[in-house]
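Examination of the molecular architecture
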Amino acid sequence: MSERVIPWQPTVIAGPKQALLVTPETAKMMIKKAKRPLMVVGPIAAEEPIINYAVEISEKWKLPIVTTGDAFKAFNEMGIETKPYGIVEIVNLLKDPDWNGVKSEGQHDLVIFIGCIYYIASQGLSTLKHFAPKLKTLTLCKYFHSNADASFPNMKDAEWFNYLEKMKMD
Amino acid sequence: MSERVIPWQPTVIAGPKQALLVTPETAKMMIKKAKRPLMVVGPIAAEEPIINYAVEISEKWKLPIVTTGDAFKAFNEMGIETKPYGIVEIVNLLKDPDWNGVKSEGQHDLVIFIGCIYYIASQGLSTLKHFAPKLKTLTLCKYFHSNADASFPNMKDAEWFNYLEKMKMD
Amino acid sequence: MVIIVAPKSRAPKQKIFKDDFWKTKDFKFSIGDITGKTGQKESRISEESSLPLGPTPKPNITDLRSWDMKLLNRYEPFYAPLCDMCCLCTYGKCDLTAGKKGACGINIQAQQARNVLLACCIGSAAHSGHARHLLGYLTKKYGEDLPINLGMNIDIEAPIMRVVLGKKPETLGDLKEALDYLEEQMVHLLSACHTGQEGNNIDFESKALHAGLMDNIGKEIGDIAQIVALNMPKGDEDAPLVELGMGTIDRNKPVILCIGHNVIPGSGIIDYIENEELEDELEVCGICCAALDITRYNKSAKVVGPISKQLKFVRSGVADVIVVDEQCVRTDILEEAKKNNAVVLATTDKICLGLPDLTKEDTDKIVSQLLKGDIEGALILDPDKVGEVATRVAMNIAEDRGNLKILPDLDEITEMAKECTECGWCVRACPNSQQMMDAVVAAGKGDYSKFIELYKYDVCYSCGRCEQECERDLPLISMLTKIGEHYVKDEKYNVRAGRGPIQDIEIRRVGAPIVLGDIPGVIAFVGCTNYPEGGEDVAKMAEEFLERNYIVVTSGCGAMTIGEYRDEEGKTLYERYSGDFDAKGLVNVGSCVSNAHIPGACIKIANIFAKKPLEGNFEEIADYILNRVGACGVAWGAYSQKAVAIATGVNRWGIPVVLGPHGSKYRRLFLGRTDKEEKWEINDLRSGEVVSGEPAPEHLLYAAENREEATVMIAKLCIRPNDTSKGRQLKLNHYIDLHRKYFGVIPDDIHKFVRVEKDIPIIYKRDIMEILKGKGWEPRKIPQEPSLMKMDGD
Amino acid sequence: MVIIVAPKSRAPKQKIFKDDFWKTKDFKFSIGDITGKTGQKESRISEESSLPLGPTPKPNITDLRSWDMKLLNRYEPFYAPLCDMCCLCTYGKCDLTAGKKGACGINIQAQQARNVLLACCIGSAAHSGHARHLLGYLTKKYGEDLPINLGMNIDIEAPIMRVVLGKKPETLGDLKEALDYLEEQMVHLLSACHTGQEGNNIDFESKALHAGLMDNIGKEIGDIAQIVALNMPKGDEDAPLVELGMGTIDRNKPVILCIGHNVIPGSGIIDYIENEELEDELEVCGICCAALDITRYNKSAKVVGPISKQLKFVRSGVADVIVVDEQCVRTDILEEAKKNNAVVLATTDKICLGLPDLTKEDTDKIVSQLLKGDIEGALILDPDKVGEVATRVAMNIAEDRGNLKILPDLDEITEMAKECTECGWCVRACPNSQQMMDAVVAAGKGDYSKFIELYKYDVCYSCGRCEQECERDLPLISMLTKIGEHYVKDEKYNVRAGRGPIQDIEIRRVGAPIVLGDIPGVIAFVGCTNYPEGGEDVAKMAEEFLERNYIVVTSGCGAMTIGEYRDEEGKTLYERYSGDFDAKGLVNVGSCVSNAHIPGACIKIANIFAKKPLEGNFEEIADYILNRVGACGVAWGAYSQKAVAIATGVNRWGIPVVLGPHGSKYRRLFLGRTDKEEKWEINDLRSGEVVSGEPAPEHLLYAAENREEATVMIAKLCIRPNDTSKGRQLKLNHYIDLHRKYFGVIPDDIHKFVRVEKDIPIIYKRDIMEILKGKGWEPRKIPQEPSLMKMDGD
Ligand code: SF4
Ligand code: SF4
Ligand code: SF4
Ligand code: SF4
Ligand code: SF4
Ligand code: SF4
Ligand code: SF4
Ligand code: SF4
């Protein structure tokens with residue numbers, strides 16, 4: 001009997017399947033297990049301090065970054081290489097088993113979202129839930145994303161930063 | 001942050017509001033607190049051994065009984081007084097703040113369901129959830145009823161009988 | 001611009017006008033203020049009526065609103081939300097739980113009512129789109145001047161259209177006007193579902209009732225068109241019995257299976273086979289209403305059964321070619337057909353399945369592409385071509401397919417069943433919580449009895465949800481099908497071919513007994529097979545009421561379900577009871593569109609028996625039916641949007657409907673409150689006095705939990721204020737009998753229905769007098785002309 | 001039966017035929033095989049066309065399916081389910097997660113597509129029902145012979161109808177035929193949403209595209225009817241500026257507020273006021289499209305603003321009488337009006353609100369009942385009576401209401417705000433997660449700045465969800481309104497009155513520059529206000545493209561949003577830019593129905609500039625637009641079913657649309673795949689060769705996450721295969737510029753759009769050459785007549 005958490009926007013409840021609520025420890029386990037993880041960073045994470053966390057986490061785990069919205073610019077200004085896509089574009093690619101991934105090394109098996117607008121991210125996660133059965137989705141936002149496979153809980157900033165801190169470590 | 005349990009029929013999930021999963025102890029507390037509780041017994045509970053539990057629980061807690069479907073007959077044959085209504089009829093009455101209750105002593109403040117067909121009961125509980133804000137609903141079925149205010153969890157028979165046993169005691 | 005139409009000659013009609021009232025020439029009336037009633041659309045119609053026209057010809061949404069308000073005041077909508085949220089626009093989802101409003105301001109009541117309106121619109125559109133296609137095709141083939149002649153015994157051919165449109169259609173071409181009208185109304189109704197339109201649940205309900213009425217018209221158009229053009233039975237009480245059942249299909253022949261509702265592709269197949277004299281070489285059979293309508297076209301066609309047979313029969317692999325037309329077709333039919341190399345032909349715009357449109361392709365080429373497997377199937381919009389392609393393909397592939405191993409063997413099943421982890425999710429996923437797991441576990445031990453229980457009477461209606469959920473991917477429906485095929489022998493039944501309308505002469509015979517209460521009621525078993533516990537319940541209800549002298553009417557899947565039941569002597573109900581519209585008659589009107597004849601018969605009672613004028617006179621007719629015609633609909637397995645439209649439509653005519661428990665998921669019922677006496681006041685038109693009445697009928701749309709409850713409720717819902725004492729005695733007698741049978745006692749509310757002592761059934765006199773005394777009962781006057789009209793200052 | 005219609009004289013039309021091609025007499029064509037096309041409906045139409053008729057006049061659902069398949073093959077539907085379940089019938093709910101099928105066999109793709117079809121049907125019905133009402137009323141008032149004359153400069157009056165119906169409407173009466181046709185199609189389309197119909201998502205999408213096309217027709221009918229009958233501006237580029245903004249309403253006068261879309265009740269009010277010479281005594285203002293259309297009727301009316309103003313303005317209590325017609329009206333308007341004793345008049349069948357129908361009641365009596373408060377409001381279906389009642393009631397109650405205390409005082413607000421428990425649920429309930437809690441907490445400390453931020457540009461669009469959720473029942477919108485009223489001064493803006501269609505002469509002027517790429521694009525900002533971060537984003541986008549010489553078109557709430565923005569000098573964009581359909585023109589076509597003129601202009605380009613015949617020639621025209629007309633729609637705040645129908649409709653014409661992030665909740669987008677080269681092949685009709693092309697336009701229906709992303713995408717989506725090198729340079733220049741502005745770099749996909757060196761913008765030449773080198777770029781031939789037609793063997 002699985003337990004359910006109410007998503008940040010409470011009406012994002014979609015059906016019986018719902019994300020596992022995870023701690024940084026479990027999230028890191030997922031990353032470690034993944035062969036070709038990808039990090040997708042949205043415009044909400046393109047500001048301090050989140051952008052720093054995003055960069056450090058990506059560096060720590062060697063995650064290629066896709067930026068959505070206009071997040072590319074902020075990363076570019078920091079000298080961090082990212083590949084810009086619209087969130088719907090990258091989701092569209094991620095659901096295609098034949099797509100070769102951002103590094104042309106094959107389709108990804110884990111995608112980690114942070115900083116996309118909540119409801120469009122929810123929609124994208126829904127797409128992946130339904131149409132990308134082999135891809136695992138993980139969200140590091142401060143909002144519980146019920147359409148993901150695994151998500152952080154709803155949190156206040158302090159708690160969230162603490163979670164992100166932990167994500168930077170082994 | 002409330003937790004969610006998957007209803008017996010998993011698609012009965014209706015929205016952010018969901019029943020509290022309760023033990024017999026909590027269920028009894030609810031009954032004790034109620035001023036004018038009512039028990040609604042459906043045809044699934046009109047057979048042994050459930051009918052005996054239903055009778056004993058109702059006697060223990062002095063609950064007037066409404067029977068739905070054709071459950072009246074079985075109770076009548078046991079010499080137990082019940083009032084027959086269609087499940088949609090009794091729900092319709094329960095949602096009317098001006099209705100005077102089965103004993104003409106005033107509208108009920110707690111209704112305890114057992115043995116109604118799962119999905120029509122879910123629908124009735126939905127009606128009460130939305131339109132009878134002052135009425136508490138409790139289900140003693142072996143199925144988690146997410147549309148109730150409080151419900152037993154999904155159980156196997158043995159566990160359920162054990163729960164019902166406990167309902168007979170203080 | 002007014003187009004002048006030269007008076008045209010019409011085929012002479014075999015009809016005797018009963019009185020001047022029915023003359024229909026040269027009367028000109030104004031169409032009123034209905035939007036869009038000017039212009040060419042008026043051309044044909046406005047010249048042709050000669051009837052004193054009632055107040056509401058071609059009513060717009062708001063024109064019957066005052067009648068709706070009367071109904072809805074007494075039978076208040078009861079809402080049971082299936083979802084707490086609304087997801088209709090991008091502000092959403094919005095949480096509407098317990099009084100919260102959405103971003104557009106809507107509350108949960110209005111949202112539920114909007115949902116119902118939407119469902120009614122979809123259902124009504126299904127019938128009307130179907131009617132439009134039928135009419136378009138038949139008009140092209142038979143000409144728009146084809147007279148609407150339903151034979152000697154039927155003068156009132158289109159009672160619904162007469163009432164609603166205010167005139168009678170004389171030819172196929174005339175039916176178009178009705179379609180134009182209803183299509184316009186449909187667009188308005190659908191528009192009202194848009195975010196930010198109607199805000200009041202009662203007004204949504206009024207619109208839903210209007211959508212239901214449009215559904216009624218659509219069905220009447222469709223059935224009349226096909227009856228007259230395809231020469232289907234015209235109210236024939238002795239329509240032939242046709243074969244029904246999986247066991248009636250000769251598996252050694254090539255088999256063409258038609259699924260859906262539209263008779264045209266099926267008729268194309270029949271025609272081709274007859275032309276080629278291949279009648280003995282192939283089996284043509286059908287599922288759902290298409291099956292019924294093909295047998296009305298040609299009785300040699302066979303009916304596999306209702307919708308609940310669909311997946312089982314397809315899995316059985318018997319069908320070589322599957323021709324789908326529209327409505328109620330499994331949407332995964334192509335995928336299922338592929339599993340056993342059956343070929344699918346799609347034949348209408350409603351169901352294209354992504355198939356290539358080969359309508360204009362050469363037949364030989366289509367056949368060869370299909371045989372070679374170059375294409376998965378084809379969309380062919382020309383019914384003649386469908387007939388040829390289906391036949392030729394079936395004859396070609398049947399033999400090869402015969403060698404296919406289609407279902408697992410019994411011992412394979414046992415092995416598979418052992419894989420079951422007993423997770424129980426098949427049961428949780430089942431709409432009816434049927435014990436599939438137990439059946440599988442037992443089968444794993446070689447005991448198939450529980451599978452057989454599920455198989456019989458379609459207790460498992462093969463929706464396939466369990467299979468979708470199974471964590472071991474067990475092919476549960478294939479297992480079920482194989483076991484059923486193997487152990488359930490003799491699946492050979494019958495059903496009387498749909499007769500279409502009720503004859504005027506029958507109405508003359510039964511009008512008085514019905515209105516006065518001497519025939520205890522007319523009960524219509526219609527709709528689909530979303531039964532809580534299999535089809536036997538429906539047959540048993542029908543049997544119970546037939547034995548009690550009710551008139552039992554049926555149609556669609558209900559009619560098939562009733563045919564799938566045999567008594568101890570092995571007889572079906574169709575064999576035991578005549579097809580007369582009379583006490584103890586079991587009348588199959590036909591397919592879903594034939595349902596129109598059921599309110600139609602009630603309308604005809606008002607007209608023939610009570611001389612109520614029909615044209616443009618909706619409210620008076622509906623009021624008459626509500627208060628005087630003891631009819632009750634039963635849609636025990638209603639699942640679809642059509643079913644809700646049908647029910648809502650007949651509700652507007654004042655006919656109550658009982659649904660099975662799944663009906664609660666339509667989200668809305670119309671329930672009466674017997675504890676509120678003021679709700680039951682009626683106007684006695686004879687005396688002009690408003691008097692207190694009884695709760696008759698008590699509910700307008702009711703969902704029962706099981707057969708026993710339903711049976712008693714149905715009997716009760718046949719009571720009408722207008723019953724004579726003799727009639728009331730009879731009705732109460734059945735009500736009490738059934739209540740005693742299923743509840744063990746005389747009903748507690750009996751005093752409500754006893755107006756005077758003479759109303760009391762003799763046999764229960766003593767007991768009831770005692771009850772009455774206990775309740776402080778006082779006799780009250782029997783109203784002479786009970787009515788809801790002219791109350792509250794209309 | 002064929003009805004012979006005497007040739008009728010028509011009002012002489014002021015038009016000069018450019019060549020013989022446009023003669024429109026005495027040509028007879030067969031309507032083809034369309035169902036239901038015989039009989040009286042044909043009477044007017046079949047005699048009148050003289051044009052070489054294309055292959056698909058009055059297309060049925062399947063007739064344009066092959067075109068749809070081309071679009072859908074390139075722009076595959078992208079689904080984002082908003083719910084994992086289906087709740088459409090009583091088998092449900094069914095769980096369709098990740099490949100599970102429902103009890104009817106449907107899978108999640110088809111279910112999403114069905115949802116979109118249903119939404120398109122609802123949206124299309126809203127426009128068509130609206131058009132039907134307009135036409136019915138206007139025909140009754142002005143006669144069906146009223147010529148469709150849009151003035152000297154417009155010969156191609158109804159481009160959409162010409163293409164789709166295959167002929168041009170000459171009079172109001174002729175518009176009915178188009179409505180009849182589309183209503184029939186609508187019923188078929190809605191029918192396909194029924195359980196057990198279509199099973200394939202692509203076919204559902206084809207039907208959705210058809211529904212969108214019907215929406216286009218409905219809008220064109222509606223707008224043309226009202227333009228010609230009510231003498232609205234006829235393509236006038238100098239249509240007057242009208243007042244816009246909450247601050248423009250004189251609160252000291254009685255105020256009548258019209259909400260909705262149907263101009264008729266508003267025109268009734270204007271007429272009454274003019275007749276009674278009360279112009280100076282009252283304020284007539286409006287919200288949503290009704291406002292825009294009333295100003296097209298009479299420029300003295302005022303526009304309060306788009307839908308996002310609705311609850312704020314009603315709460316402000318300024319309106320004495322609120323007249324609602326149809327569409328986009330808050331469904332709790334009655335409840336909200338009651339809070340401050342405003343009177344509500346409902347005026348159409350779409351929105352009755354449970355109010356008594358007093359259409360036939362004596363005006364004095366209605367007024368007196370309303371004044372005495374005997375009734376909560378009234379349903380009045382007669383616009384003249386609405387005019388009188390609204391005016392008289394407003395004049396009577398204004399003074400009394402002036403004394404009502406309607407909103408809390410600022411210090412009360414501070415006290416209330418202190419009640420906040422900081423539970424945060426207001427933020428979670430907000431569609432945009434706006435920081436209402438922070439605003440409340442600050443207000444509790446006397447700091448209103450955060451409320452002011454929410455108020456400005458409708459960053460909070462007053463949907464009210466936060467208020468519904470607040471556990472302390474704080475009247476958050478009233479607090480917001482009061483603070484806004486108090487601190488945000490000068491809410492006085494303007495908008496150019498809707499001009500209606502684009503003139504042929506303008507098309508002649510800009511056709512070549514657009515098709516060749518010299519005008520970088522036509523960008524249409526349309527739709528509602530479900531903006532992620534307020535309306536300023538839309539105005540800024542418009543400004544950005546105006547400055548860059550694009551043609552900016554707008555309508556509906558979008559047009560109002562653009563008007564609510566002022567530059568540093570205090571000027572609105574309407575003051576800064578002309579209303580010409582030309583580079584740097586800011587063209588407000590009018591209300592939502594006027595949107596038809598946007599695809600209409602593209603169609604006219606194909607016809608006037610490229611001499612493509614229109615009649616019955618859908619595919620060729622759409623193909624032309626897709627490959628050559630650099631137009632892009634932007635519906636940044638699209639919320640409703642109409643918006644999805646509009647977008648889907650223009651998509652079928654080959655026009656891409658960018659939605660705001662909430663658009664993802666429509667569940668379906670059409671996305672191209674630039675990584676799949678085979679998807680971009682085109683046929684160069686000139687050479688007959690199929691050649692590889694570029695991803696232009698790259699997507700057909702796209703949802704962007706924020707303004708920055710959207711701006712760059714819009715620029716990119718204006719690129720077309722047909723651009724000349726000069727044009728391509730220009731387009732790429734803007735694309736690169738904007739990409740650099742918002743992303744900081746030259747876009748990484750630039751090589752895809754450079755066909756030959758000459759395509760490269762001079763200023764970026766060096767950088768780009770380097771990029772090209774890195775990508776191994778090779779020049780390729782520029783196709784002369786890029787097309788998707790005659791590929792794959794059509
Ligand atoms: S209304 Fe239906 S589709 Fe919408 S959220 Fe609820 S269950 Fe899902
Ligand atoms: S229609 Fe209304 S309740 Fe439904 S999602 Fe839209 S705003 Fe919310
Ligand atoms: S196929 Fe039968 S057992 Fe399985 S879910 Fe459907 S009804 Fe239940
Ligand atoms: S779902 Fe499958 S594995 Fe689970 S109990 Fe049912 S048959 Fe067995
Ligand atoms: S009765 Fe119901 S399931 Fe059967 S064919 Fe008619 S609509 Fe379909
Ligand atoms: S329409 Fe199909 S998927 Fe939806 S509830 Fe009905 S059976 Fe289930
Ligand atoms: S009114 Fe709506 S948009 Fe404004 S803050 Fe509240 S929930 Fe958000
Ligand atoms: S919902 Fe109400 S109480 Fe809760 S934070 Fe918002 S304003 Fe405060």
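See the structure above.
Thresholds applied
Residues numbered from 1 in each chain as written. Chains lettered and ligands numbered in written order. Predicted model: local features only at pLDDT ≥ 70, side-chain atom pairs only at ≥ 80, totals over all residues. Heavy atoms only, no water. Helix = DSSP H or I, 4+ residues; strand = E, 2+ residues; numbered from the N terminus. Rg over C-alpha atoms; globule rule 2.2 N^0.38 Å. Buried < 20%, exposed > 50% of the residue type's maximum accessible area, 1.4 Å probe, protein only. Contact = heavy atoms within 4.5 Å. Areas by Shrake-Rupley, 256 points an atom, 1.4 Å probe, with all protein chains shown as cover. Least-squares fit on C-alpha atoms with pLDDT ≥ 70 in both. Salt bridge = Lys/Arg side-chain N within 4 Å of Asp/Glu carboxyl O. Near = heavy atom within 4 Å. Nonpolar A, V, L, I, M, F, W, Y, C, P; charged D, E, K, R; others polar. Buried area = accessible area lost by both parts, 1.4 Å probe. Polar contact = N/O pair within 3.5 Å; in protein donor to acceptor, adjacent residues only side chain to side chain. Pairing = 2+ DSSP bridges. Axes fitted to C-alpha atoms, helices over the stretch in contact; angles between N-to-C directions. Left-handed = near helix turned anticlockwise from the far one by under 90°. Parallel < 35°, antiparallel > 145°, perpendicular 65-115°, else oblique. Phe/Tyr/Trp six-rings, centres within 6.5 Å; stacked < 30°, edge-to-face > 60°. Lys NZ or Arg CZ within 6 Å of the ring centre and 35° of its normal.

Take the overall build of chain A next. Scanning chain A for helices and strands turns up 6 helices and 8 strands. Its helices and strands taken in sequence order, chain A reads β-β-α-β-α-β-α-β-α-β-α-β-β-α from the N to the C terminus. Relative to the 2.2 N^0.38 estimate, which gives 15 Å for 170 residues, the radius of gyration of chain A is 15 Å and therefore close to what a compact globule would have. Its C-alpha atoms give chain A principal-axis dimensions of about 45 × 40 × 30 Å. In chain A, buried positions account for 68% of the 170 residues. For chain A, contacts bridging at least 24 residues in sequence account for 65% of all contacts bridging at least 6.

With that settled, the discussion passes to the overall build of chain C. When its secondary structure is counted, chain C shows 28 helices and 21 strands. A globule of 794 residues ought to have a C-alpha radius of gyration of about 28 Å, and chain C, at 26 Å, matches this closely. Seen through its principal axes, chain C has C-alpha atoms that stretch 75 × 70 × 60 Å. Looking at chain C as a whole, 72% of its 794 residues qualify as buried. A separation threshold of at least 6 residues defines the contact pool for chain C, and within that pool the share at least 24 residues apart is 77%. By element, 47% of the accessible surface of chain C is carried by carbon and sulfur atoms, the whole surface being about 23,200 Å².

Moving on to the relation of the copies chain D and chain C. Placing chain D over chain C gives an RMSD of 0.0 Å and needs a rotation angle of 180°, together with 0.0 Å of translation along the axis. Such values leave the two copies arranged in the relation of a two-fold axis. No C-alpha of chain D lies nearer the rotation axis than that of E183(D), which sits 2.8 Å from it. Interface residue correspondence from chain D to chain C reaches 99%, placing this contact among same-surface, isologous pairings.

Enumeration over the complete set of coordinates arrives at 150 salt bridges over all chains. The salt bridge involving R548(C) is made with D737(C); its shortest N-O contact spans 3.1 Å. Of this pair, R548(C) sits in the loop between α19 (536-547) and β13 (551-555) while D737(C) sits in helix α26 (residues 725-743), and the two are 189 residues apart along the sequence. For the salt bridge of E283(D) with K302(D), the shortest nitrogen-to-oxygen distance reads 2.8 Å. Residue E283(D) is found in strand β6 (residues 283-287), and its partner K302(D) is found in strand β7 (residues 302-305); the two are separated by 19 residues along the sequence. A network of salt bridges, in which partner residues are shared, links K101(C), R315(D), R330(D), D332(D), E335(D), E336(D), K339(D) and E467(D).

Here we take up the site of ligand 8. Near ligand 8, the surroundings consist of C420(D), T421(D), E422(D), C423(D), G424(D), C426(D), M437(D), C470(D), R472(D) and L474(D). In terms of residue class, the shell around ligand 8 is made up of 6 nonpolar, 2 polar and 2 charged.

Let's shift gears to the site of ligand 1. All residues adjacent to ligand 1 are C83(C), M85(C), C87(C), K93(C), C83(D), C87(D) and K93(D). For the shell around ligand 1, a count of residues per class yields 5 nonpolar, no polar and 2 charged.

Let us look at the interface of chain C and chain B. Facing 48 residues of chain C, the contacting portion of chain B comprises 41 residues. Overall, the association of chain C and chain B removes approximately 3,600 Å² of surface from exposure, summing both partners, and the carbon and sulfur fraction of that is 55%. Among the residues chain C hides against chain B, the three largest losses belong to R428(C), E705(C) and F743(C). Together they make up 21% of the total. Inspection of the chain C/chain B interface yields 4 salt bridges. Here K129(B) and D84(C) are joined by a salt bridge, their closest N and O atoms 2.6 Å apart. At the level of elements, β1 (76-79), α2 (108-142), α13 (425-429), β17 (668-671), β20 (701-703), α25 (707-717) and α26 of chain C are the ones that each hand at least two residues to the side of chain C that touches chain B. Grouping the constituent residues of the side of chain C that touches chain B by class yields 25 nonpolar, 10 polar and 13 charged.

Counting from both sides, the interface comprises 110 residues of chain D and, opposite them, 111 residues of chain C. Buried area between chain D and chain C, summed over both chains or domains, comes out near 9,400 Å², and the portion from carbon and sulfur atoms is 54%. The shortest N-O distance in the salt bridge between K101(C) and D332(D) comes to 2.6 Å. At the boundary of chain D and chain C, one finds 65 residue pairs in polar contact (both at pLDDT 80 or more). Looking at the side of chain D that touches chain C, the element that brings in the most residues is helix α2 (residues 108-142) of chain D, giving 13 residues. In the side of chain D that touches chain C, the residues fall into 40 nonpolar, 37 polar and 33 charged.

A word on the sheet that holds strand β4 (residues 65-67) of chain B. Residues and elements named next belong to chain B. Taking strand neighbours across the sheet as the criterion, the 7 strands line up as β2-β8-β7-β6-β3-β4-β5 in an open arrangement whose pairing is parallel. Of all strands in the sheet, those with a lone pairing partner are β2 (20-21) and β5 (83-84), marking the two edges. Relative to strand β8 (residues 150-151), β2 is paired through 2 bridges, and the arrangement is parallel. Bridge pairing links L20 to A150 in β8. Sheet strands in contact with helix α1 (residues 24-33) are β6 (110-114), β7 (136-139) and β8, and its direction is about 145° off that of β7.

The next point concerns the packing of helix α19 (residues 536-547) of chain D against helix α25 (residues 707-717) of chain D. Residue and element names in this part refer to chain D. Where α19 meets α25, the closest approach of the two axes is 11 Å, and the angle between their N-to-C directions is 35°. Note on packing geometry: the crossing formed by α19 with α25 is right-handed. For the pair α19 and α25, contact is made by D537, K540, M541, E544 and F545 and by R707, A710, T711, I714 and A715, respectively. The residue inventory of the contact of α19 with α25, partitioned by class, reads 5 nonpolar, 1 polar and 4 charged.

On to the sheet that holds strand β18 (residues 682-684) of chain C. Residue and element names in this part refer to chain C. Spatially, β19-β18-β21 is the arrangement adopted by the 3 strands of the open sheet, whose pairing is antiparallel. Single-partner strands in this sheet number two, and they are β19 (689-691) and β21 (786-787). Here β18 pairs with β21 via 2 bridges, running antiparallel. Bridge pairing links D684 to P786 in β21.

With that settled, the discussion passes to the side chain of H751(C). All names here are of chain C. With respect to the helices and strands, H751 occurs in helix α27 (residues 750-753). Of the residues examined, H751 reaches a relative accessible area of 18% and is grouped as buried. Excluding its chain neighbours within four sequence positions, the residues that come into contact with H751 are L772, K775 and W777.

Turning our attention to the packing of α2(D) against helix α5 (residues 201-230) of chain D. All names here are of chain D. Their axes nearest at 8 Å, the elements α2 and α5 cross at an angle of 20°. Regarding the angle of α2 to α5, the classification is roughly parallel. The handedness of the crossing between α2 and α5 comes out as left-handed.

Let's shift gears to the side chain of K207(D). Tracing the sequence through the fold places K207(D) in helix α5. Setting aside residues no more than four positions away along its own chain, K207(D) makes contact with D349(C), K350(C), C352(C), I61(D), L117(D), L189(D), A192(D) and E198(D).

Let us now look at unusual backbone geometry. For the peptide bond that leads from E48(A) to P49(A), omega is -5°, which places it in the cis range. In this structure, C328(C) takes a positive phi of about 65° despite not being glycine. With respect to the helices and strands, C328(C) occurs in the loop between β8 (321-324) and α9 (333-339).

Glancing now at the environment of D518(C). Residues and elements named next belong to chain C. Of note, D518 is situated in the loop between α18 (504-516) and β12 (522-525). In this structure D518 comes out as partly exposed when scored by relative accessible area, which is 29%. Residue contacts for D518: discarding those within four places in its chain leaves P513, T724, K726, G727 and L730.

Going through the model one piece at a time under the given rule, you end up with 28 aromatic pairs over all chains. Taking the centre distance of 5.7 Å and the plane angle of 45° together, the rings of Y448(D) and Y487(D) count as tilted. A residue pair is termed long-range when its members are at least 10 positions apart, and Y448(D) in the loop between α14 (436-444) and α15 (449-455) and Y487(D) in helix α17 (residues 476-487) qualify at 39 residues. The partly exposed category is assigned to Y487(D), whose relative accessible area is 40%. An aromatic cluster is built from W8(A), Y118(A) and Y143(A), whose rings are joined through pairwise contacts. When the ring centre of Y455(C) is taken as origin, the NZ or CZ atom of K312(C), which lies over that ring, is 4.5 Å away.

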